[in-house]
Structure formats: structure tokens, C-alpha cells
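Spelled out from the first residue to the last, the chains are:
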Amino acid sequence: MNLIFEGVKVGLILALLIGPIFFAIIQAGVEEGFRAGAAVGFGIWVSDFLFIAAVYFGLTFISQVVESPHFGLYLGIGGSITLAAFGLGALLTVPKAHELPKWSKETIRTSSYPGLWLKGFLINTVNPFTFFFWIGVASTVVVDGEMELQEARYFFGGILGTIIITDLLKVLLAKRIRRILKPVHLLWLRRISGIALVVFAVALLGRVLWML
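By convention here, each chain's residues receive numbers from 1 onward along its written sequence. Totals for whole chains, interfaces and linings use all residues, but because this is a predicted model, local features are given only for residues with pLDDT of at least 70 and pairs of side-chain atoms are given and counted only at 80 or more. Note: side-chain values were computed over all heavy atoms of the structure, leaving out hydrogens and water.

Colleague: I'd like to hear about the packing of aromatic side chains, residue by residue, with values.
Modeller: Within 6.5 Å between ring centres, the rings of Phe, Tyr and Trp (the latter by its six-membered ring) count as paired, and their orientation is classed by plane angle as stacked under 30 degrees, edge-to-face over 60, tilted in between. Across all of its chains, the model carries seven aromatic pairs by this definition. Considering the side-chain rings of phenylalanine 22 and phenylalanine 23, the 5.6 Å spacing of their centres and the 85 degrees angle between planes classify their relative orientation as edge-to-face. Exposed residues in this analysis have more than 50% of their type's maximum accessible area, buried residues have under 20%, and partly exposed residues fall in between, with area computed by a 1.4 Å probe over protein chains only. Of the residues examined, phenylalanine 22 reaches a relative accessible area of 24% and is grouped as partly exposed. Considering the side-chain rings of phenylalanine 23 and phenylalanine 200, the 6.3 Å spacing of their centres and the 55 degrees angle between planes classify their relative orientation as tilted. Here phenylalanine 23, found in helix 2 (residues 20-32), pairs with phenylalanine 200, found in helix 9 (residues 183-210); they are 177 residues apart in sequence, far enough to count as distant. Put simply, the rings of Phe133, Trp134, Phe155 and Phe156 touch in pairs and so form one group of aromatic residues. Every helix listed is a DSSP run of H or I at least four residues long, and every strand listed is a run of E at least two residues long, numbered separately from the N terminus.

So, in C-alpha cells, the structure goes:
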């Protein structure tokens, strides 16, 4: 129970962070409904699960890859391009809900569930913060703490379970918020989300280039 509780605490810290993942989930939940937001979340959860499995079972190999001279540069450039692409896509398109009458609270799903899943998966996977976070957790908690496999399952299960629950709560909140929004507000939400993703992309690229 102590290991699960420790995992829950780490998960709550992640849940409180405002980043690209937060904006992607909220945008999908508000514009296209609970299932769309959950599809984005599912892509994020699969990505996190794969990171957990990779860093636990292949920590030595991954550590060697991270130490390569150009790894951080390539990861940062790839991540910034992906975030910028999603951000520009949000800025240059208009949600279908914007075309509804002002009194309509109908949700229109314009993206396929596999596409939404892929969006969440890519945003989380190419984010260097996600990669180095799981590397750091595995190195300090699992390796330095000499955590056994069964113990690691409880710990990482607590983290991942907390992430899933809090992400679903965010989607539910987004769905509630939609009820008080007018179509123009949905348009501005997409614009803000797009700008945020572009800002994260530029900041990420600037940080990577600054470290050269």
C-alpha cells in the first residue's frame, strides 16, 4: 500500500502540470465530447505504459542511448516539430461546432477515434519531458531503491492509475464547461490551445539549441 500511495503522489504531481497534454485533452473534450477526450487520453496512457516498460526492462540500454551526443537534439527537434504541427492545425482550422446555432449544445465529432488516439500518443511520446521523467523515476526509485519487479508494479500502477483517473476527470470537466460555452468560445479555445502548443514547441526547440 505504501508503494501504491507513493505512486499516487507522483501521479498527482503530473496531473497538476499544465502542458501540451493538458491542452490536447481539454480541447478534444470540449469540442468533440467525452469519448473523443478519452481517446486522446488513451493514446497518452498507452505511451506512458510503453515508457514504463521500456525504462524498467531496458534501463541500461536506454541510458546509453541518452548519453549519445545528439540524442537530446534529435528528440527535441522531433518533439518541437510534432507539437508545432498540432498547434498550427488548431490555429488554421475552425471547429464544426462553431457553425452551429448559438443555442445548440450539440457535440460534433470531426476526428476519428484512431486519429485522436494517435494525437495523444504522439504528443506524449515525442515530449522530451515525458522521456526523461520516466528515465529519472526508474533510475532513482527503482534502481537506486533496489525495487523488485512486484514492488515496481505497485508503484508504477499507482502512477498510471492516477494519471488515467485525473485525465478522465479533466475530460468530464471539459464536457461540463461546454454547456456554458457559445460557439465563439469554442473557436477561441481552439486558438488558445493551438497557440499554447506552438509556444511549447518554440520553447522546446530554443532549449535544445541553447544546450548545444
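More follows now that the structure is in view.
Colleague: So what's going on with the side chain of lysine 119? Which residues, and what values?
Modeller: Position of lysine 119 among the secondary structure elements: in helix 6 (residues 113-125). Beyond its immediate stretch of four places on either side in the chain, lysine 119 contacts Ala24, Gln27 and Phe86. Note on contacts: a residue pair qualifies if any of its non-hydrogen atoms lie within 4.5 Å across the two residues.

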